[in-house]
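Next come the chains, spelled out residue by residue.
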Amino acid sequence: MAEKRVRRPKQQILEEKIQKLEDKINPLLEQKKMLEAELEALLEAEKKAKDEATMKELINWMSEKNYSVDDLENMMNKPE
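Given the structure is predicted, the values throughout are model-derived calculations rather than measurements.

Caption draft 1: Representation of the overall build of the protein chain. Check the secondary structure of the protein chain and you find two helices and zero strands. Taken against the 2.2 N^0.38 rule, which gives 12 Å for 80 residues, the C-alpha radius of gyration of the protein chain at 32 Å runs more than 25% over that of a compact globule. Once the C-alpha set of the protein chain is aligned to its principal axes, its extents read approximately 100 × 25 × 10 Å. Buried residues in the protein chain amount to 2% of all 80 residues. Here the protein chain has roughly 8400 Å² of accessible surface; of this, 56% comes from carbon and sulfur atoms. Computed over 16 positive and 19 negative side-chain charges, the inter-centroid distance for the protein chain is 17 Å.

What follows is the structure, given as structure tokens:
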């Protein structure tokens, strides 16, 4: 004799679908957090690299003009 199928209530079906979706979403949220942290680290590294490049340009300019650090400080403190 064949077994009789038991109908599940709509609420139970919907709750199961919601649970399946949540099971898929949770790992994606964790991945998003990791990617955001990685992006933040990359942006910080980019800022540091730009700052270093600016400092190198300044050092090269000072070297070309034969300026010392004291000369540069005097130029910055001069009233216009």
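Caption draft 2: Examining helix 1 (residues 10–65) more closely. Its 56 residues place the ends of helix 1 81 Å apart at the C-alpha level, agreeing with the 82 Å of an ideal helix rising 1.5 Å per residue. Where helix 1 terminates, the next one or two residues include N66, which has phi positive at roughly 60°.

Caption draft 3: Molecular detail of unusual backbone geometry. The phi dihedral of N66 falls on the positive side, at around 60°, and the residue is not glycine. Counting through the fold element by element, N66 comes out in the loop between helix 1 and helix 2 (69–77). For N66, a relative accessible area of 66% translates into the label exposed.

Caption draft 4: Highlighting the pattern of salt bridges. A full pass over the atoms with the stated rule returns five salt bridges. Between D51 and K47 there is a salt bridge, and its shortest N-O distance comes to 3.3 Å. Note that D51 and K47 are positioned in helix 1 at a spacing of four residues, about one turn of the helix. Owing to a relative accessible area of 41%, D51 belongs among the partly exposed residues under this scheme. For K47, a relative accessible area of 47% puts it in the partly exposed group.

Caption draft 5: Quick look at a nonpolar patch on the surface. A cluster of nonpolar side chains, L21, I25 and L29, forms an exposed patch at the surface whose accessible area comes to about 270 Å². When you line up the elements, L29 lands in helix 1.

Procedures and definitions
Residues numbered from 1 in each chain as written. Predicted model: local features only at pLDDT ≥ 70, side-chain atom pairs only at ≥ 80, totals over all residues. Heavy atoms only, no water. Helix = DSSP H or I, 4+ residues; strand = E, 2+ residues; numbered from the N terminus. Rg over C-alpha atoms; globule rule 2.2 N^0.38 Å. Buried < 20%, exposed > 50% of the residue type's maximum accessible area, 1.4 Å probe, protein only. Areas by Shrake-Rupley, 256 points an atom, 1.4 Å probe, with all protein chains shown as cover. Lys, Arg positive; Asp, Glu negative; His and termini not counted. Charge placed at Lys NZ, Arg CZ, Asp CG, Glu CD. Expected span 1.5 Å × (residues − 1). Salt bridge = Lys/Arg side-chain N within 4 Å of Asp/Glu carboxyl O. Patch = residues over 30% accessible without salt bridge, like charges linked within 9 Å, V, L, I, M, F, W, Y side chains within 5 Å.

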